[in-house]
Amino acid sequence: MKRRNFIKNSLATTVGLVSISGTLSSFTKETTEKSTQVLKPIRPLVIATWNTPLAVETAAKVLEKGGSALDAVEQGCRIEEANEKGQSVGKGGLPDRDGNVTLDACIMDSKGNYGAVLAVKNIKHVVSVARKVMEETPHVMLVGEGAQQFAISKGFEKEDLLTEASKKAWEKWKEKSEYKPIINIENHDTIGMLAIDKDGNISGACTTSGLAYKMAGRVGDSPIIGGGLFVDNEVGGASATGLGEEVLKTVGSFLIVELMRQGKSPQEACEIAIDRIVKKPGKNFKDFQVGYIALNKQGEIGGYSIHEWFSYNVYQNGENKNIKSDFYNKG
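These figures come from a predicted structure and were not determined experimentally.

Brief notes about a nonpolar patch on the surface
- Where nonpolar side chains cluster on the molecular surface, the patch consists of Val140, Met141 and Val143 and spans about 230 Å² of accessible area.
- Along the chain, Val143 turns up in strand 6 (residues 141-143).
- Accessibility expressed as a relative area gives 49% for Val143, which makes it partly exposed.

Side note on the packing of aromatic side chains
- A complete count under the given rule lists five aromatic pairs for this structure.
- When the centroid spacing of 5.0 Å and the interplanar angle of 80° are considered together, the rings of Phe230 and Phe254 count as edge-to-face. Of this pair, Phe230 sits in strand 9 (residues 229-232) while Phe254 sits in helix 7 (residues 252-261); the two residues are 24 residues apart in sequence, bridging distant segments of the chain.
- For Phe254, a relative accessible area of 35% translates into the label partly exposed.
- Centroid distance Phe310 to Tyr312: 6.2 Å. Interplanar angle 45°. Geometry classified as tilted. The same class applies to Phe310 and to Tyr312, which are both buried.
- Grouping aromatic residues by their ring pairs yields a cluster made of Trp50, Phe310 and Tyr312.
- The lysine or arginine in question, Lys174, covers the ring of Trp170, its NZ or CZ lying 3.9 Å from the ring centre.

Examining the nonpolar core
- Counting residues in each nonpolar core, the largest one holds 45 residues, and the members touching the most others are Ile47, Ile256, Val290, Tyr292, Leu295, Ile306 and Tyr312.
- By residue number, the principal contributor to this core is helix 8 (residues 266-278), which donates six residues.
- Filtering out sequence-adjacent residues up to four positions away, Leu295 remains in contact with Leu45, Ile47, Leu194, Ala195, Ile196, Ile202, Gly236, Gly237, Met260, Pro266, Glu300 and Ile301.

Points about the sheet that holds strand 7 (residues 190-196)
- If you walk across this open sheet you meet the eight strands as 6-5-4-8-7-3-13-14, and the pairing is mixed. A strand with exactly one partner marks an edge of an open sheet, and here the two such strands are strand 6 and strand 14 (319-324). Looking at each pair of strands side by side, their axes are set apart by 10° on average, direction ignored.
- In this sheet, strand 6 lies alongside strand 5 (residues 114-120) in parallel orientation, the contact comprising three bridges. Looking at the pairing, Ala116 lines up with Met141 of strand 6.

Some remarks on the packing of helix 2 (residues 69-81) against helix 3 (residues 126-136)
- Relative orientation of the contacting elements helix 2 and helix 3 amounts to 145°, with a least axis distance of 8 Å. The segment helix 2 lies against helix 3, with Leu70, Asp71, Glu74, Cys77, Arg78 and Glu81 engaging Val126, Val127, Ser128, Arg131, Met134 and Glu135.
- Its residues assigned to classes, the contact of helix 2 with helix 3 shows five nonpolar, one polar and six charged.

Notes on helix 2
- Helix length check: helix 2, at 13 residues, gives a terminal C-alpha distance of 18 Å against a target of 18 Å (1.5 Å per residue), a fit within 8%.
- Within the sequence span of helix 2, burial applies to Ala69, Leu70, Ala72, Val73, Glu74, Gly76, Cys77, Glu80 and Glu81.
- Close packing links the buried residues of helix 2 with helix 1 (53-64), strand 4 (103-108), helix 3, strand 7 and strand 8 (202-208).

Thresholds, definitions, all that
- Residues numbered from 1 in each chain as written.
- Predicted model: local features only at pLDDT ≥ 70, side-chain atom pairs only at ≥ 80, totals over all residues.
- Heavy atoms only, no water.
- Patch = residues over 30% accessible without salt bridge, like charges linked within 9 Å, V, L, I, M, F, W, Y side chains within 5 Å.
- Areas by Shrake-Rupley, 256 points an atom, 1.4 Å probe, with all protein chains shown as cover.
- Salt bridge = Lys/Arg side-chain N within 4 Å of Asp/Glu carboxyl O.
- Helix = DSSP H or I, 4+ residues; strand = E, 2+ residues; numbered from the N terminus.
- Buried < 20%, exposed > 50% of the residue type's maximum accessible area, 1.4 Å probe, protein only.
- Phe/Tyr/Trp six-rings, centres within 6.5 Å; stacked < 30°, edge-to-face > 60°.
- Lys NZ or Arg CZ within 6 Å of the ring centre and 35° of its normal.
- Core = buried A, V, L, I, M, F, W, Y, C linked by side-chain atoms within 4.5 Å.
- Contact = heavy atoms within 4.5 Å.
- Pairing = 2+ DSSP bridges.
- Axes fitted to C-alpha atoms, helices over the stretch in contact; angles between N-to-C directions.
- Nonpolar A, V, L, I, M, F, W, Y, C, P; charged D, E, K, R; others polar.
- Expected span 1.5 Å × (residues − 1).

All quantities given are derived from atomic positions and should not be read as evidence of function.
Here's what the structure looks like:
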């Protein structure tokens, strides 16, 4: 079963878009009193999976006004959760095989605190519920009915997340009920977002409605610490999108942060993490997609995927742009 936004390598032979490889850095030079040139990271910085300009712009505005990285990633992810046309995150997300939209999300702050909710029904802004779990409970994870009850107790409104468009898509799928990998057809099943604020603190968040037409109860990597998201304020952060089962098997986001701790750049770390997946014995990586984004404490960023057409949005130096990721499978 392959994550729905990644799932059939259509367009694989189409003329490729320009790939961006290598590490992008966000440094400016300033002269010290001794006239020595030093590198100073430019802040704030936001990076998010896929072509999500409004979400990134929203997060950037929070940072430009002096807000924290934690506030920025929460507010940015909420934009996609409210985007019904996206059919991938929050309201309007494509349902499981039984027609139920279930959402997963997590959030992590610069102090290493973490909160997550899994398999939540009828609550749109699960990234905010995850933050409530982190800040107002003794736990780090709530699941299903318990997570929904907690959300309602905190004032979140209960609503039907299955839109008419998603219902029609589900009904059409039921005609054959086929579940096949379709790489990159549904472009952004998840939004993972990382940010550095003016104080140099890093936070991250990840939210999704998971695989379309998944088995009831299925949860992928998105809300799992170290899988879909990991932040270490001393080093950097990483987030994943794609087939969550494969991300979890390699604890991908944690791996990337640890590689950066060892001195690898964000770009190098993302590439090594993808290499770890594709070179596992017996792994047919041509059937699924995984993509990573990362940033380090210095404000360098990176992104890499198995197949073409993964992209990520970046805000730095006052500019919000979408970058086509470099990728492993160049045929």
